[in-house]
Every structure is written in structure tokens, then in C-alpha cells.
Amino acid sequence: MGHAERLHQPKTAPNALGKALPAGPEAQRGPCGRDGLTDPQFWVRKRSRLGAERSMNQKLLKLENWLRLHTVCRQLHSLSQRGLLARWKPSFSPASPVWAEQLCARPWQTDMLVGAALQQHRLFVTKKEKRPSRSQLSPVKSKRDVEVWVGMTVEELAKAMTKDVDYIYEALLNTAIDIDSLEANSYLDEVWIKEVIKKAGMKLKWSKLKQEKVRENKDAVRRPQADPALLTPRFPVVTIMGHVDHGKTTLLDKLRKTQVAAMEVGGITQHIGAFLVSLPSGEKITFLDTPGHAAFSAMRARGAQVTDIVVLVVAADDGVMKQTVESIQHAKEAQVPIILAINKCDKTDADPEKVKKELLAYDVVCEDYGGEVQAVHVSALKGDNLMALAEATIALAEMLELKADVTGPVEGTVIESFTDKGRGPVTTAIIQRGTLRKGSILVAGKSWAKVRLMFDENGQTLNEAYPSMPVGIIGWRDLPSAGDEILEVESEPRAREVVDWRKTEQKEEKGKDDLKIMEEMRKEHQEEHRKARAKYGSLHWKKRSYMKYLERKEQRPLKPKEKAEKDSSVLPLIIKGDVDGSVEAILNLLDTYDASHECELELVHFGLGDISENDVNFAETFDGVIYGFNVDAGKAIQQSAAQKGVKIKLHKIIYHLIEDLQEELSSRLPHRLEEYPIGEACILATFAVTEGKRKVPVAGCRVQKGQLEKQKKFKLIRNGQVIWKGSLTSMKHHKDDVSVIKTGMDCGLTLDEEKVEFKVGDEIVCYEENEVPAKTSWDPGF
């Protein structure tokens, strides 16, 4: 090839995509055409462009080689993983720019990779083109975070997920949680929160900074202690305590010169009474007469909490009893001083010293034995030495320096509460601070009142009530509970606010308790599920299916007869009482019921006031029994109950009510069989007789007691153990079959079970079985 031909031959250089790039001057001929070759400036510009282009091409070639080397290394690693490296024999020169193409299984992938990298590098080097726009592909949709916290309610979870409450319920279907018990404000356990969010396809995010919303405390509270200089003296509040029938009410009657004891049913106090007694000396004492019966322990404890002094009444002829000890414990827990009144000292068998010695065991040390407890010997029936008891009480009150603040809002305690037909809810209270007046706004528990009327223990209207005074209050919207704290507030809206706040607090506490119960039920369900899986896990599927079939068979619906028997073992109760304390005492007794394995006791409803048509409807629905304590049931109510087959049982003495309840429980128990022996015989010899092809064992006996009757049942006793029970197949006297063998006669007996072996000296008893009513094992403790 000549010089001219070589001049016109285009020079090429590979570009990034493997194509040839024109490198000679002919390829770069401008618009001047062939004639431009003679222009000196053209060649200067051309040489400059060629130098820059050559420098860029060198850099691109270097980068291309590096990228190809990286690709080859990756492919070598892949081939070595597949076991092909041993069969591959490379033959290339490191200086060759195409040596990598021999190894490339898919060269188009390498070209695309290298081309894309070179294009980006070229744009970076030249900076003459705009950067490419970002990829228009839509990003992968990520899961939405849901911020949750411990103790979340259903409504809060739904709001955090931007769903409605029904969505939460649907997500919790077919789980161990009871959907029917869930409400919008029910608390959810951590497990169920995770379950709902998982089913929704969202991502759970625990809120570290989330705090339980702290509501403003809008409750009413007691005022701070007043300045001692502003306090004025007050008279003492004295609680009379002791065992039942030791003379507490009679003692109070003599002090008040009334006849309260004569009006009590059964001669026992069944309510807590508050009385203001004026002594001849002009001193005043407020007495609380608490019940001594075992059922009224809560009343005695409440009386001890609001009192200044406890007068412990002990009968000189009876000594320390169970409720005496309990009264001592209540006084010590309340840190209240005790005065000992030894009653019935006029009796011939009275022994006051014995009482003092018995009290030493309970850390009640009288002054005669070096202690601090005053002991006064009295006779409540005759009125002996009662003034000495009053003086001892006044002296102890002076030592205590009892004072109170008569200014400012009222503070007090509910002693008793009941519903009066004409006046509505009524409470008996002790004022502890401030002065109560008509029109005052009071809050007690979850109830409030605007005082319409105040009266004393005799029913006389009061205009004002000062500290230590017992007072009856009328005007309550709802009936507060005995023991509730009474606080005065400034207005009716404030009273409603306090009551609403307390109800909300109670509701939240109940929600937390329900959450704990749900958590326990969930753990029990998981444990049962784990045991079931462990039980069936190793079994063949046929065996597993058969065992599940047997379990389902055992859980079949009850037949009518079986259902009736099951219903008879449950006693639904409706309790109505005259005052809150009486109902409280009955409910406390029901809490001691421990015979649920015999008959289940189910409390359907309880309340105050006379028996109503609603109570009868409750009893009819649940097939229950209505018990009324110191309440009435109108003639129309009794007729309605008779038509509906509902039992109404009214009582005025608490232990009569409990005895009636025990009888009702016993009547629902199945009858039990009792054995009544008819005769006894002793085995003197044993032998066998042949009947056909078999030998039958025979016991030769002599009747020791009573007589043996063939038609009755028999049992064989050996060394005090019953080894057989059944009937006889034959009973013979000599060779004659007889039906009765009397005392002293010999006989031969064969049993209905041939495998039983007789031994000389064994005893055979003839008996009959009779059905007798069962009796409940529940013992309320009195």
C-alpha cells in the first residue's frame, strides 16, 4: 500500500461499546471539504482536538480493562463454585485487550456493564452533558409504622392504626381472647397488640416516650391539719364492744335511760347504733353500740376506726369469748385505749378476777396487775357502778386532750346507711371536723348529697352538728356505703366532678384487673394447648383422630335429665337487707362458703330496701331464692312470687337466716345411703358342695346378733376390712332352704360371687340401705 493509500485509509479505535471510532483526519473533515487540508489554522485546531480525544480514549481503555478484570474475577469465582474450574484452561495474553471475552459465558452482560460505567465516566470527564435523571421506577412500598404502648385500649389501637374498632375485633377472631367481653375501653395485652398489627401487615413500633396519660386529680381530700391554737375541746366518741349477750346494749340503756334492748329482735344487736349521752355532771359522751355477733366483724372494725376509747364489756360469769378477742384485736389495730367493764357482777357465779387473768393472755393488763387498763365492776341490769364507768371514761378523755376544728368544710365518717320509704337514702354519720349545716354539699364514696334534713338518735331535727356528734343525714342522691369518708365541697358541680372522677378511677382499676385476668386465661390456654400438642404429637394420625373423637363424645350436650341434676346443684341467691351493714355482714358470711363441690352458691343480686317485683323477676329467671333481712314483702309481691314459683324467705335474726340457707343448700344435695345392720354371724367352718360339674364354697355360720334375712344385702368382713358386698344365692338350715335365721341358729351360706374365699373367724353382716337427706358441710363459724 502506498503513502497516498495509507493517507486515505481511516484509522479506527474501539469505543466503549466495542465499535470503531474514526481517528484519521479524513474522518474529521469539516465543512471546508478537501480544501481545508491546506489551512494551517485548521491543522492547529485539529491537532488540539485529537490530543484531547486521545487522552480521554486512553483513560477509557484503562477503565474498561479494570472493569473487565473485575468481571472475569467474579466469573472465575462462580465457575469454581460449580466445579468447572478444573476443566477450564486459560490461554490469553495479559496485554491483549480482548482476553476476557474468552471466559465470558454471557458477553452481552459484560458489555452492558462496561458500557454503562464508561458512559458515566465520560459524562463526568467531559461535563458537557446534563446528568441523567433519576430512575423513574417506583420505590418498594415499606410497611407503615404503628406506634403502640403498654396498656393500650382497643379504641387507642384502632386510632393508631387509622382503623375502626370493628377491624380490631375481626383481627382477634379465632384467638384465645374472649371477643364478647371486649369493649372500646378494654385494655389489650402485648400479645394481642402484636397479633392485630401482624394481621394488618403493619410494623410495630414501641413508643419509648409514651407515658400513660395522667389525668388531673379532681378528687376531694381532707384539709391539712389545723393550727393547734384554733382547736377547741370536744367530747369523746366511745365504742362499746364485746361478745354477744354480754350486756353491751343493756349497759348503754341504763346510761341513756331508754329501752333499746327491749326493741331488739332476739335480744341481740344487729346494727351499729350511735347515741349522744348526757351525764348528770353535764359531760357528754357519744356511744357507738356495735354488734357482738360473729357475723358483724366488719361493723366492729369500723366502730374501732372512728372512736377515741373502747369500752370492752366482758361477762363475769362467762369470761373471755371469741368476739372478745376479736374486739381486742380491732382496738389494738386502731391504736385506741381500752376500758374494761366487767358486767354481771351481781350473779352468784361471777368471777371478775378470772376475767382479768384471762385477759393477760391477750396483752390486756389491768391496773390491779400493774398495767394501764382501768377495770370497772358493773351490773348493767341493776345499774350498779355505772357512774364509776362514766367517770373513768371522762378521766381518760381528759388525759387524751381531745380537740377538734369546728371551722371550715365538714369531715366525717358514715357509720350506717339505709333506705327509708318516705325519706330515701339515709346515713348515720359521726362529724370529725367542721360544722355541718342544712344545705351543705357532701361527698361520700361515689355518692353526693345536698343536706335537706339532719336529726339525732331520737329523731329530733338538728340545725347544726359539731365534731363528735352522731347525726342522721337526708338528701343523698345515691346510698353511700358504711365506712365511707364524708367531705364537704363548695358546690353541686364540684360534687358531681368528684363523683365522676372516682367512678372513672374505679372503672380503670377494674379494667386493669380484667387485663390481669385475661393474661392469666391466655397463659392457661397456651399451657393447655402445649399439653395437647405434647399429648398428640407422637401419635399416628389415626390414633390421634380416634382420641379426639372420644373427647368430643364426652363433651356431648347434656340430656334433659342430666341438665336438671346439674341445675339442682346450683343455688342462685338474691339478698335484700334493711341497712348497708347488714347486707355487708351477710355477704361476708357467704364469702366463707367452702362447699362448692357439693352445691354451688351463686349470688345473683343484693341490695337495700323491701323486696320488689324486680327481685321476683330476677329469682324467676335464675330459678333462685330471695332472702330478706329485716325487710318486708308486700301482699302483691308474695302473690306474684307464688304464681311464679319463687321462694321468699324473710328473717329478723341473722343466724336464723344462715340456718335457713344451710337447710336450702342441704335440700339440693342428692340423698345419701346409710346402712342399718340387721344381724351378724360368725363363720365357724368352710366346705364346698358339688352342683353339677362345679364346686361351690359354703360358709358354715352361727348367728351372733339379730337375724339374717336372705332378701337383704350382706357384706363379708375380715380383720375389720370389708372384702365383699352383695347378696346370697342360698341360705340353708341343715338341708332346708330358709329365708330367716335367728340368733343362736346355725346355717350355711353361699354368695353370688364364687371367687370369694371364706376363712374361719370371718364375720358376715346382714344390712339394709336407706336413703337419708344429705347435710351441707359448710360451717359459717357460729
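In this text the structure is predicted, and so the values were computed from the model without any measurement.

Caption draft 1: Inspection of the overall build of the chain at higher detail. Helix and strand counts for the chain stand at 19 helices and 35 strands. Per-residue burial for the chain yields a buried fraction of 38% across its 782 residues. Here the analysis covers contacts within the chain between residues at least 6 apart in sequence; of these, 70% occur between residues at least 24 apart. When the accessible surface of the chain is totalled, it reaches about 46700 Å², and 51% of it is carbon and sulfur.

Caption draft 2: Broad picture of the pattern of salt bridges. Taken as a whole, this structure holds 34 salt bridges when the rule is applied. Note that D368 and K356 form a salt bridge whose closest N and O atoms lie 2.5 Å from each other. Of the two residues, D368 sits in the loop between α11 (352-360) and β11 (374-377) while K356 sits in helix α11, which places them 12 residues apart along the sequence. Residue E768 is joined to K712 by a salt bridge in which the shortest nitrogen-to-oxygen separation is 3.3 Å. A residue pair is termed long-range when its members are at least 10 positions apart, and E768 in strand β35 (residues 763-772) and K712 in the loop between β28 (708-709) and β29 (713-718) qualify at 56 residues. By relative accessible area, which is 28% here, E768 ends up partly exposed. For K712, a relative accessible area of 26% corresponds to the partly exposed category. Three or more residues are tied together by salt bridges with common partners; here these are R222, R223, D405, E411, R433 and E485.

Caption draft 3: Main features of the sheet that holds strand β30 (residues 721-726). Taken in spatial order, the 8 strands line up as β30-β29-β35-β26-β27-β34-β31-β32 in an open sheet, and their pairing is antiparallel. Edge positions in the open sheet fall to β30 and β32 (736-737), since each of these has one partner strand only. Two elements, strand β26 (residues 672-691) and β35, share 10 bridges in a ladder whose sense is antiparallel. Opposite P677, over in β35, you have Y767 as the bridge partner.

Caption draft 4: Layout of the sheet that holds strand β25 (residues 647-651). Spatial ordering of the open sheet is given by β23-β22-β24-β25, a layout of 4 strands whose pairing is parallel. Two strands close off the open sheet at either side, each with one partner strand: β23 (600-608) and β25. Adjacent strand axes in the sheet meet at a mean angle of 20°, parallel and antiparallel pairs treated alike. Here 5 bridges tie strand β22 (residues 570-577) to strand β24 (residues 625-629), and the two strands are oriented parallel to one another. Within β24, the position partnered with K576 by the bridge is G628.

Caption draft 5: Up close: the environment of P425. The residue P425 is located in strand β14 (residues 424-433) in this model. For the pair P425 and L479, spaced 54 residues apart in the sequence, the C-alpha separation amounts to 5.4 Å.

Caption draft 6: Region of the structure containing a nonpolar patch on the surface. A cluster of nonpolar side chains, Y546, Y549 and L550, forms an exposed patch at the surface whose accessible area comes to about 300 Å². Summarising the element assignment, L550 is placed in helix α14 (residues 541-554).

Caption draft 7: The arrangement of the nonpolar core in detail. Ranked by internal contacts, the top residues of the largest apolar core, which has 26 residues, are F287, V311 and L389. Secondary-structure elements contributing two or more residues to this core are β6 (237-242), α7 (248-256), β7 (273-278), β8 (284-289), β9 (309-315), β10 (338-343) and α12 (386-400). Considering every element that reaches this core, the biggest residue donor is α12, with 7 residues. Ranked by size, the runner-up nonpolar core spans 24 residues in total, among them A585, I658, L661 and L665.

Caption draft 8: Expanded view of the pairing of β26. Where β26 lies against strand β27 (residues 694-706), 12 bridges are found, and the strand directions are antiparallel. Across the sheet, E680 pairs through a bridge with K705, a residue of β27.

Caption draft 9: Structural view of the packing of helix α17 (residues 613-622) against helix α18 (residues 635-644). One way to put it is that α17 packs onto α18 with a least axis distance of 10 Å and a crossing angle of 15°. With respect to α18, the axis of α17 lies roughly parallel. Note that α17 runs across α18; the crossing there is right-handed. Counted together, E613, V616, N617 and E620 of α17 and I637, S640, A641 and K644 of α18 form the full contact between these two elements.

Caption draft 10: Structural context of the pairing of β6. By the criterion of burial, β6 is predominantly enclosed, with 6 of the 6 residues buried. Of the two faces of β6, the one lined by V237, T239 and M241 and the one lined by V238, I240 and G242 are each fully buried. Here 5 bridges tie β6 to β9, and the two strands are oriented parallel to one another. Bridging from a neighbouring strand, V238 pairs with I309 of β9.

Caption draft 11: The environment of Q526, seen in detail. Along the chain, Q526 turns up in helix α13 (residues 492-536). Along the backbone, Q526 and A176 are 350 residues apart, and their C-alpha atoms lie at a distance of 8.6 Å.

Caption draft 12: Fine view of the packing of aromatic side chains. Within this structure, the stated rule accounts for 2 aromatic pairs. Ring geometry for Y593 versus W778: centroids 5.3 Å apart, planes at 75°, classification edge-to-face. Here Y593 is found in the loop between α16 (580-591) and β23, whereas its partner W778 is found in the segment after β35, with 185 residues between them in sequence. Just as Y593 is buried, W778 falls in that class too. Judged by centre distance (6.3 Å) and plane angle (25°), the rings of F618 and F622 are stacked. Of the two residues, F618 and F622 both sit in helix α17, 4 residues apart, roughly one turn of that helix. Residue F618 is classed as partly exposed on the basis of its relative accessible area of 28%. Taking relative accessible area as the criterion, F622 reaches 37% and is therefore assigned partly exposed. Lying across the ring of F455, R423 places its NZ or CZ 4.9 Å from the centre. A cation over a ring is seen here: K715 above Y767, with NZ or CZ 5.3 Å from the ring centre.

Caption draft 13: Summary view of the side chain of S468. Tracing the chain through its elements places S468 in the loop between β19 (464-465) and β20 (470-476). Excluding anything up to four places from it in sequence, S468 contacts R234, F235, V237, T286 and I431.

Caption draft 14: Region of the structure containing the packing of α16 against helix α19 (residues 654-667). Where α16 contacts α19, the axes come no closer than 11 Å and their chain directions differ by 40°. Crossing of α16 over α19 shows right-handed handedness. Together, A585, I586, L589 and L590 of α16 and I654, L657, I658 and L661 of α19 make up the contact between the two elements. Of the residues belonging to the contact of α16 with α19, the class tally is 8 nonpolar, no polar and no charged.

Caption draft 15: Region of the structure containing the environment of Y167. With respect to the secondary-structure elements, Y167 resides in helix α5 (residues 165-171). Put simply, Y167 and V196 are 29 residues apart on the chain and 9.0 Å apart in space, counted from C-alpha to C-alpha. Apart from residues no more than four positions distant in its own chain, Y167 is found in contact with M161, K199 and A200.

Caption draft 16: Representation of the confidence of the model for the chain in the model. In the predicted model, the chain carries a mean pLDDT of 77, and the fraction of residues at 70 or more is 76%. Overall, residues 1-37 carries pLDDT values under 50, and its contacts beyond four positions in sequence, including any with other chains, amount to 38 contacts.

Quick notes on the rules
- Residues numbered from 1 in each chain as written.
- Predicted model: local features only at pLDDT ≥ 70, side-chain atom pairs only at ≥ 80, totals over all residues.
- Heavy atoms only, no water.
- Helix = DSSP H or I, 4+ residues; strand = E, 2+ residues; numbered from the N terminus.
- Buried < 20%, exposed > 50% of the residue type's maximum accessible area, 1.4 Å probe, protein only.
- Contact = heavy atoms within 4.5 Å.
- Areas by Shrake-Rupley, 256 points an atom, 1.4 Å probe, with all protein chains shown as cover.
- Salt bridge = Lys/Arg side-chain N within 4 Å of Asp/Glu carboxyl O.
- Pairing = 2+ DSSP bridges.
- Axes fitted to C-alpha atoms, helices over the stretch in contact; angles between N-to-C directions.
- Patch = residues over 30% accessible without salt bridge, like charges linked within 9 Å, V, L, I, M, F, W, Y side chains within 5 Å.
- Core = buried A, V, L, I, M, F, W, Y, C linked by side-chain atoms within 4.5 Å.
- Parallel < 35°, antiparallel > 145°, perpendicular 65-115°, else oblique.
- Left-handed = near helix turned anticlockwise from the far one by under 90°.
- Phe/Tyr/Trp six-rings, centres within 6.5 Å; stacked < 30°, edge-to-face > 60°.
- Lys NZ or Arg CZ within 6 Å of the ring centre and 35° of its normal.
- Nonpolar A, V, L, I, M, F, W, Y, C, P; charged D, E, K, R; others polar.
- pLDDT = per-residue confidence, 0-100.

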